Amino acid sequence: SQTIHQWPATLVQPVGSPLSLECTVEGTSNPNLYWYRQAAGRGLQLLFYSVGIGQISSEVPQNLSASRPQDRQFILSSKKLLLSDSGFYLCAWSVRGEQPQHFGDGTRLSIL
Amino acid sequence: GIQVEQSPPDLILQEGANSTLRCNFSDSVNNLQWFHQNPWGQLINLFYIPSGTKQNGRLSATTVATERYSLLYISSSQTTDSGVYFCAGDNQGGKLIFGQGTELSVKP
């Protein structure tokens with residue numbers, strides 16, 4: 001069966017520091033991968049999605065970037081964190097577009 | 001992109017009561033999902049239901065695609081049903097758009 005892993009579960013970072021969040025999927029090949037952010041406990045917003053290695057689409061302009069160095073690995077990064085980057089970040093995968101998406105347990109990011 | 005509206009925004013129930021949550025879409029969708037977010041933040045898949053009716057235990061969902069809405073029914077609610085319920089849809093190849101959620105609190 002397929003599983004999705006995200007780490008770390010929680011992270012506290014100072015303003016201006018770099019960020020790297022990792023997501024990996026097991027048990028499937030060539031999945032669609034997604035990064036979402038949830039701010040203030042309601043409503044998830046799609047940040048990035050990827051249909052293959054090195055293929056990244058950004059949905060909203062922001063201080064973050066994403067990369068997909070391997071088929072089942074998706075990384076969310078920032079060179080310099082802002083206070084507004086705080087939130088709950090979730091990674092998801094699907095077999096392909098418009099099919100059910102399955103979410104990881106998320107990373108709770110606090111910026112001080 | 002589509003817009004997703006959920007109602008009610010908040011709901012308080014006594015244990016054992018039934019409830020209906022609603023999700024309206026501004027345009028037709030090819031993917032429609034219902035999720036439950038538990039107090040630890042985990043987003044649990046409840047239903048993938050672009051059309052028709054599905055049931056899973058005390059939960060069931062109905063999507064009327066032609067009228068662009070979906071309903072989630074919770075029967076005989078339990079305290080463990082508490083949390084936030086989200087619906088989400090997409091018509092652009094995987095770009096799920098989420099509603100703002102319904103926060104459900106079930107009192108013993």
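## Details of the state of the cysteines
Residue and element names in this part refer to chain B.
Logical step 1: Summed over the entire model, instances satisfying the criterion amount to two disulfides over all chains.
Logical step 2: Disulfide pairing places Cys 23 opposite Cys 87 at an S-S distance of 1.8 Å. Judged by the sign of its S-S torsion, about 75 degrees, the bond between Cys 23 and Cys 87 is right-handed. On the criterion of sequence distance, the pair formed by Cys 23 in strand E3 (residues 19–25) and Cys 87 in strand E9 (residues 83–90) is long-range, its members being 64 residues apart. Just as Cys 23 is buried, Cys 87 falls in that class too.

## Focus on the interface of chain A and chain B
Logical step 1: Every contact between the two is made by 22 residues of chain A and, on the other side, 27 residues of chain B.
Logical step 2: Interface area for chain A against chain B, summed over the two sides, is near 1800 Å², with a carbon-plus-sulfur share of 48%.
Logical step 3: At the junction of chain A and chain B, the tally comes to one salt bridge.
Logical step 4: Counting across the chain A and chain B interface gives seven residue pairs in polar contact (both at pLDDT 80 or more).
Logical step 5: Ranked by residues supplied to the side of chain A that touches chain B, first place goes to strand E5 (residues 42–52) of chain A with five residues.

The rules behind these values
- Residues numbered from 1 in each chain as written.
- Chains lettered and ligands numbered in written order.
- Predicted model: local features only at pLDDT ≥ 70, side-chain atom pairs only at ≥ 80, totals over all residues.
- Heavy atoms only, no water.
- Disulfide = S-S within 2.5 Å.
- Helix = DSSP H or I, 4+ residues; strand = E, 2+ residues; numbered from the N terminus.
- Buried < 20%, exposed > 50% of the residue type's maximum accessible area, 1.4 Å probe, protein only.
- Contact = heavy atoms within 4.5 Å.
- Buried area = accessible area lost by both parts, 1.4 Å probe.
- Salt bridge = Lys/Arg side-chain N within 4 Å of Asp/Glu carboxyl O.
- Polar contact = N/O pair within 3.5 Å; in protein donor to acceptor, adjacent residues only side chain to side chain.

Purely spatial values, then, with no claim about function.
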